[in-house]
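Given next are the chains, with one letter for each unit.
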Amino acid sequence: LKMLRQLIIIGVTLLSGSDFVSSHLEITDREANPYDHLLWPKVATVDLDSSMYFDVTPTQLSTSGEWVTVYWSGVSSPSSKDSIAVYSPPASNGYGVNTSTAPIKYQYASSSSTHTSYGSGQLKFRLINMREKVVFGFFQGSSLKAVSSVVEFSNYNEPLQGHLALTSDTTSMTVMWTTKEALSPTVMWGTESNNYEASASAETKTYSAKNMCGAPATGYGYRDPGLLHTATMTDLEPGYTYYYSFGDEYGYSPEYSFKAPPAADSDSTITVVAFGDMGVAESDGSYLVETSKYSLNTTSRIKAQLSSLDIVLHIGDITYALGYSSMWEVYFDQIQQIATSVPFMVAIGNHERNWPYTSPGTFNNSGSGGECGIPHEMRFPMPTPARDSPWYSFNYGSAHFIVMSTEHSFQKGSSQYSYIYSDLKSVNKTNTPWIIFAGHRPMYVASKDSDYPDGHTVVAQSLRYALEPLFQSYGVDLALWAHIHGYQRTCSVYQGSCYSSGSSSSKNKGTTHVVVGMAGRTLHNNILPSSMPSWLVYYDLQNYGYSRMNINMTHLVFQYVHNYDNKVYDSFVLKKNTT
């Protein structure tokens, strides 16, 4: 392939062992969250202090993920409430900061040890290339006091946010990436490093504020998502390692690699990591609109085991962007090393989809911050049947996976119910003896939240009523859920009664349900009821972590791992008699 090729080296910051956060307590603000006064133009004021020095260096960056240092001095009446915020793009209003839009992130000036005593200091920021220039603002309370020089990237068409996804065809793999502009976006791939035997053109899409449903997504939280390119690598040989690069004449990504799915009748062991409710955090210590500090532990642990990993499944409540577009950029930066190496499959959650009166079956609340599923659907090319129908299935090795949307109607007569019924009915249990189901809100959960209509136990009962008979009839072995920020595991259960798990009977007796919503967001350590249900085997609402499964034709080994020490704290084995 004779194509102009510019290799871009993307910096990835990994946590060292000493950087792992040991506490299971979530971040608490030292003072009022600066976003309380930075988000709203009705309270943000401009009162520039000409006696202050405030600037940043360097101002020219080559690639995404490089670091800058912000310096300041001469601050009058320095306070622990003073903050430094990152804005992009700069405003053309004479002073460079648009206070009617949300900053991307911020740090407290008092994080510099000299600030409160001397009114001077310095802080380091890691900057992601979001396809626009960047400027820093110094705030005292709600008042903008100083603005830095503009920071520029050398290439706003640097192909970033690469992530793989499976398709309905086990010999194909999809990749998506983002740029500002494009000429002929393409993915190239082959079985030898830097020797690409095939290529495919990408389909390019985008979305705008008018496609979404309400504030803040349609206003002060919005930023242009860039162009979203999706290309499919086809005719993959089962189990082969493929090398690939994506981009166009503006520049190509570094070379990445992935392993194609095994053959349908293969008895190879696959390894799957699953979790929900992770959120995002900045490795430079900056605060976001919603900071999920312990998500960094989770992604770092997954990065360390990529060589033995086959799939990642994030089961809803992905970024907690809540209408603030830059959060999606941070998320894809955080997972890029993972998602360019293994397929990264997702389920939609309430914080991606919920918005009043926007779809039959959705809960009538504003949990998505006005996004109403648009960024989620546009940024994750899952093999779904139709627009705003975020349910799908795929085969990988000896397992058949079904992913549902708990935010859409799943009752009998709905299109989603029909899909699930038809899919379960058609599973080839000779090739894929294991059926693994996933959705955001859990079907079984120990919780005292029984508020109508979306209390934990209320939704659980609805899911049981609609779908549990199908689980029993077609032998769903394992169901993975999230939404509850913690870990819970049931026995092999049907209609509230426990059965012997791993039964050799041809008719499944119950499904093991596991809630894995402990990947990063604030833990729900106060939801447990006064008495525990008999089907609850194990729970942990005090620690962050992820789940890992090793699956072959006869055994499914499940492990719950804390993300601080990477030790297994709960495990079980399901068995199949395939003779």
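Owing to the predicted nature of the structure, the values given are computational and were not obtained by experimental measurement.

> What is the right way to read the sheet that holds strand E2 (residues 53-57) from this model?
Backbone-to-backbone hydrogen bonds pair the strands of a sheet. The strands run either parallel or antiparallel. Taken together, three strands build an open sheet; the order of strands is E2-E4-E7 and the sheet is antiparallel. At either margin of the open sheet sits one strand with a lone partner, and together these are E2 and strand E7 (121-127). Mean inter-strand twist for the sheet, computed between neighbouring axes without regard to direction, equals 20 degrees. Pairing analysis gives seven bridges linking strand E4 (residues 66-73) to E7, with the strands arranged antiparallel.

> Help me understand the pairing of strand E27 (residues 487-494), please; the structure alone is not making it clear to me.
Along a regular strand, successive side chains alternate from one face of the sheet to the other. E27 sits mainly inside the fold: eight of its eight residues count as buried. Summarising the sheet, E27 and strand E29 (residues 511-516) pair through five bridges and their orientation is antiparallel. Bridge pairing in E29 links tyrosine 487 to valine 516. Bridge analysis of E27 against strand E30 (residues 536-540) gives four bridges, and the strand direction is antiparallel.

> Looking at this structure, how should I read empty space enclosed by the protein?
Vacant regions in the atomic arrangement are exposed by a probe of water-molecule size rolled over the atoms. Scanning all chains against the criterion turns up five cavities of 30 Å³ or more. In this structure, the largest cavity encloses a volume near 60 Å³. Every residue along the wall of the largest cavity is listed here: Val86, Ser88, Ile104, Lys105, Arg126, Leu127, Ile128, Met130, Val134 and Glu282. Class assignment for the residues of the lining of the largest cavity results in six nonpolar, one polar and three charged. Roughly 50 Å³ of volume is contained in the second largest cavity. Around the second largest cavity, the lining residues are Ser64, Ile128, Asn129, Leu160, Gln161, Glu329, Asp333 and Gln336. Looking at the lining of the second largest cavity, the elements with two or more residues in it are strand E11 (160-166) and helix H4 (326-339). When residues in the lining of the second largest cavity are grouped by element, the largest group, three residues, is from H4. Looking at the lining of the second largest cavity, its residues break down into two nonpolar, four polar and two charged.

> Help me out: how do you make sense of the sheet that holds strand E15 (residues 203-205) in this one?
If you trace the four strands from one edge of the open sheet to the other, you get E11-E12-E16-E15, paired in antiparallel fashion. This sheet does not close on itself; its edge strands, each paired only once, are E11 and E15. Put simply, the sheet's adjacent strands are angled 20 degrees from each other on average, direction ignored. Taken together, the seven bridges between strand E12 (residues 173-179) and strand E16 (residues 227-233) define a ladder with antiparallel strand orientation. Bridged to threonine 174 within E16 is threonine 232.

Rules of the game
- Residues numbered from 1 in each chain as written.
- Predicted model: local features only at pLDDT ≥ 70, side-chain atom pairs only at ≥ 80, totals over all residues.
- Heavy atoms only, no water.
- Pairing = 2+ DSSP bridges.
- Helix = DSSP H or I, 4+ residues; strand = E, 2+ residues; numbered from the N terminus.
- Axes fitted to C-alpha atoms, helices over the stretch in contact; angles between N-to-C directions.
- Buried < 20%, exposed > 50% of the residue type's maximum accessible area, 1.4 Å probe, protein only.
- 1 Å grid on protein atoms, 1.4 Å probe; cavity = no way out; pocket = protein on both sides within 12 Å on 5 of 7 lines; lining within 4 Å.
- Points joined across faces, edges and corners; volume = space filled by probe spheres on them.
- Nonpolar A, V, L, I, M, F, W, Y, C, P; charged D, E, K, R; others polar.

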